[in-house]
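Chain residues, written in single-letter form:
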Amino acid sequence: MFNKEQIVVKARTKGTLKTMCHDIFASIKELNALKITFFGLPESNREYLLINRELHNIVKDYFGAQSPLVSFIAQKSSSDTLIAEVTYLVDTDARITHHSRYKVLERGATKELMTEGIIPADITASTFEQAREIFIAIEDILTSEGFRISDIYRQWNYIEDITITTEGSQNYQEFNDARSLFYSKTKWSNGYPAATGIGTSRGGIMIELYAIKGSTAANKPIDNPLQVAAHNYSQEVLEGKVMKELAERTTPKFERARILGNTIYISGTAAIKGERSTDSDDTVSQADTTMQIMNNLISKENIPNPCNGAKYDLLRIYVKHEDAIPAVKEYMNAHYPATPKHYLVSDICRPELLIEIEGIAHTL
């Protein structure tokens, strides 16, 4: 495996998009940046595409042919200036091959692939059609580099208007059906990827992923006894009509977390115990329940490798209602003061859920 770390950087002053980007770049110029994920709220899908294109151009002009991958997520940040999450490589002995939408890291027999945010040609098409087009592109990328679909170990799924239902069809369920059909092309003998499925305000569907092969490091799914595995949900908690191509609504195909070496990739986690959402309508209360679930997930008793538990390296906190962020920040800073974290406004996969948290941790 490869030692990748993350840092959240925000522009220190407001200005043009280029000015704010260059301010962020100045803070990371000494890092071997692999990917820069920007967050912002465009006014329309047209503006989203324009900004996405401009960000790609700004990054390429600044960094050159070996520029970091770029993703633009249509989620409003709690910061009043441009914010970016930067993934950088710590290892100095890895060979990097740069492609337009992905990078490949190699060292000995170990080979890792990471993509930027992949979007479809038409971000106004149905959720199912967008997701299917992206998965075709992902399969082409994986195949071209000798990876299997089941080599994916971490995936991010961004879904515009995630809980909206049109003519009986829910966007999140359409995405899950498209993912299930794609995943059915292979066997998952070592569990599904860790994943996040989260709402965005614009941008259609976007998917990012990491895949790895040839590594001798531990690569295992982590279940959570407090929750039913998402891929084992009953039909009772799934929404929307059944697609004609399928016998029933398909479940979200992801694990609660995966451990790769000593790194734990924690999937998007909300206040769900068993398979049922909490009955609380208070965001801070849901945050507390969510962190209880995550703390149990990464406890030394639950991690499949011998260790003394784990420490959070970064938490990405999605909050449904912007006016709840100050109270959530107060709670998180009181209970997890040393953990780097940032806050984004986004819809969650169930209407009653008000917060979702994903993260990265390391075993101790």
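About the criteria used
Residues numbered from 1 in each chain as written. Predicted model: local features only at pLDDT ≥ 70, side-chain atom pairs only at ≥ 80, totals over all residues. Heavy atoms only, no water. Helix = DSSP H or I, 4+ residues; strand = E, 2+ residues; numbered from the N terminus. Rg over C-alpha atoms; globule rule 2.2 N^0.38 Å. Contact = heavy atoms within 4.5 Å. Areas by Shrake-Rupley, 256 points an atom, 1.4 Å probe, with all protein chains shown as cover. Lys, Arg positive; Asp, Glu negative; His and termini not counted. Charge placed at Lys NZ, Arg CZ, Asp CG, Glu CD. Buried < 20%, exposed > 50% of the residue type's maximum accessible area, 1.4 Å probe, protein only. Pairing = 2+ DSSP bridges. Phe/Tyr/Trp six-rings, centres within 6.5 Å; stacked < 30°, edge-to-face > 60°. Axes fitted to C-alpha atoms, helices over the stretch in contact; angles between N-to-C directions. Salt bridge = Lys/Arg side-chain N within 4 Å of Asp/Glu carboxyl O. Core = buried A, V, L, I, M, F, W, Y, C linked by side-chain atoms within 4.5 Å. Parallel < 35°, antiparallel > 145°, perpendicular 65-115°, else oblique. Left-handed = near helix turned anticlockwise from the far one by under 90°. Nonpolar A, V, L, I, M, F, W, Y, C, P; charged D, E, K, R; others polar. Polar contact = N/O pair within 3.5 Å; in protein donor to acceptor, adjacent residues only side chain to side chain.

A.B. asks: Lay out the overall build of the chain with the relevant residues and their values.
C.D. replies: Counting secondary structure elements, the chain contains six helices and 21 strands. In terms of overall dimensions, the chain is globule-like: its C-alpha atoms have a radius of gyration of 19 Å, near the 21 Å expected for 364 residues. For the chain, the C-alpha atoms occupy an extent of roughly 50 × 45 × 45 Å along the three principal directions. Summarising the internal contacts of the chain: among those between residues at least 6 apart in sequence, 79% fall at separations of at least 24. Summed over all atoms, the accessible surface of the chain reaches about 15100 Å², with 48% contributed by carbon and sulfur. Averaging the coordinates of the 40 positive side-chain charges in the chain and doing the same for the 47 negative ones gives two points 5 Å apart.

A.B. asks: An account of the pairing of strand 5 (residues 83-89) is needed here, citing residue identities and associated values.
C.D. replies: For strand 5, the buried fraction is high: seven of the seven residues fall into the buried class. What you see with strand 5 is no split at all: I83, E85, T87 and L89 on one side and A84, V86 and Y88 on the other are buried throughout. As judged from the seven bridges shared by strand 2 (residues 32-39) and strand 5, these two strands associate in the antiparallel manner. Looking across to strand 5, one finds that I36 is bridged to V86.

A.B. asks: With reference to specific residues and values, describe the packing of aromatic side chains.
C.D. replies: Counted according to the given criterion, the structure contains 15 aromatic pairs. With 5.0 Å between their ring centres and 65° between their planes, F25 and F63 make a pair best called edge-to-face. Placement of the pair is F25 in helix 1 (residues 17-28) and F63 in helix 2 (residues 45-63), with a sequence separation of 38 residues. When its relative accessible area of 0% is taken as the criterion, F25 is described as buried.

A.B. asks: Can you tell me about the sheet that holds strand 12 (residues 194-200), naming the residues and giving the values?
C.D. replies: Read across the open sheet, the six strands follow the order 6-7-8-13-9-12; overall the sheet is mixed. Each edge of the open sheet is held by one strand with a lone partner, namely strand 6 (95-98) and strand 12. When the angles between neighbouring strand axes are averaged without regard to direction, this sheet yields 10°. Both strand 6 and strand 7 (residues 102-107) contribute to a ladder of four bridges, which runs antiparallel. Residue R95 lies in a different strand from strand 7, and its bridge partner there is E106. Against the sheet, helix 4 (residues 171-183) touches strand 9 (152-160), strand 12 and strand 13 (205-213), its axis set at about 150° to strand 9.

A.B. asks: Any chance you could break down the pattern of salt bridges for me, citing the residues and the numbers?
C.D. replies: Close approach of charged atoms allows side chains with opposite charge to pair. Scanning all chains against the criterion turns up 16 salt bridges. Among the ionic pairs, E85 bridges to R316, the shortest N-O distance being 3.1 Å. Here E85 is found in strand 5, whereas its partner R316 is found in strand 19 (residues 310-319), with 231 residues between them in sequence. Each member of the pair, E85 as well as R316, carries the same accessibility label: buried.

A.B. asks: Run through the sheet that holds strand 5, naming residues and quoting values.
C.D. replies: With respect to topology, four strands assemble into an open sheet ordered 1-5-2-3, the strand pairing being mixed. Bordering the open sheet on either side are strand 1 (4-10) and strand 3 (69-73), each of which pairs with just one other strand. With strand direction ignored, the average angle separating the axes of adjacent strands in the sheet is 20°. Sheet analysis places strand 2 next to strand 3, joined by five bridges and oriented parallel. Across the sheet, the residue bridging to K35 is L69, located in strand 3.

A.B. asks: Explain the nonpolar core to me, and be specific about the residues and the numbers.
C.D. replies: The tendency in soluble globular proteins is for nonpolar side chains to be buried side by side. Grouped together as the largest cluster of nonpolar side chains are 88 residues, with contacts concentrated most on F25, F38 and I138. Looking at this core, the element that brings in the most residues is helix 3 (residues 127-144), giving eight residues. Residues A257, C307, Y336 and I355 belong to the second largest nonpolar core, which totals 28 residues.

A.B. asks: Help me get a handle on the environment of T166, residues and values and all.
C.D. replies: Mapping T166 onto the fold places it in strand 10 (residues 165-166). Separated by 181 residues in sequence, T166 and D347 place their C-alpha atoms 17 Å apart.

A.B. asks: I'd like to hear about the packing of helix 3 against helix 4, residue by residue, with values.
C.D. replies: Two elements in contact, helix 3 and helix 4, have axes separated by 8 Å at closest approach and are oriented at 30°. By the angle between their axes, helix 3 is roughly parallel relative to helix 4. The element helix 3 and its partner helix 4 pack so that their crossing is right-handed. Contact residues: helix 3 offers T127, F128, A131, R132, F135, I138 and E139, while helix 4 offers N171, E174, F175, D177, A178, R179, L181 and F182. Counted by class, the contact of helix 3 with helix 4 contains eight nonpolar, two polar and five charged residues.

A.B. asks: So what about the side chain of R249? Which residues, and what values?
C.D. replies: With respect to the element layout, R249 can be found in the loop between strand 14 (219-222) and strand 15 (257-260). No salt bridge is formed by the buried R249; its nearest oppositely charged neighbour, E239, is found at 7.1 Å. At 2.9 Å, the side chain of R249 and the backbone oxygen of G240 are in polar contact. Ignoring anything within four residues of it in the chain, the contact list for R249 reads Q173, D177, Q235, L238, E239, G240, K241 and V242.

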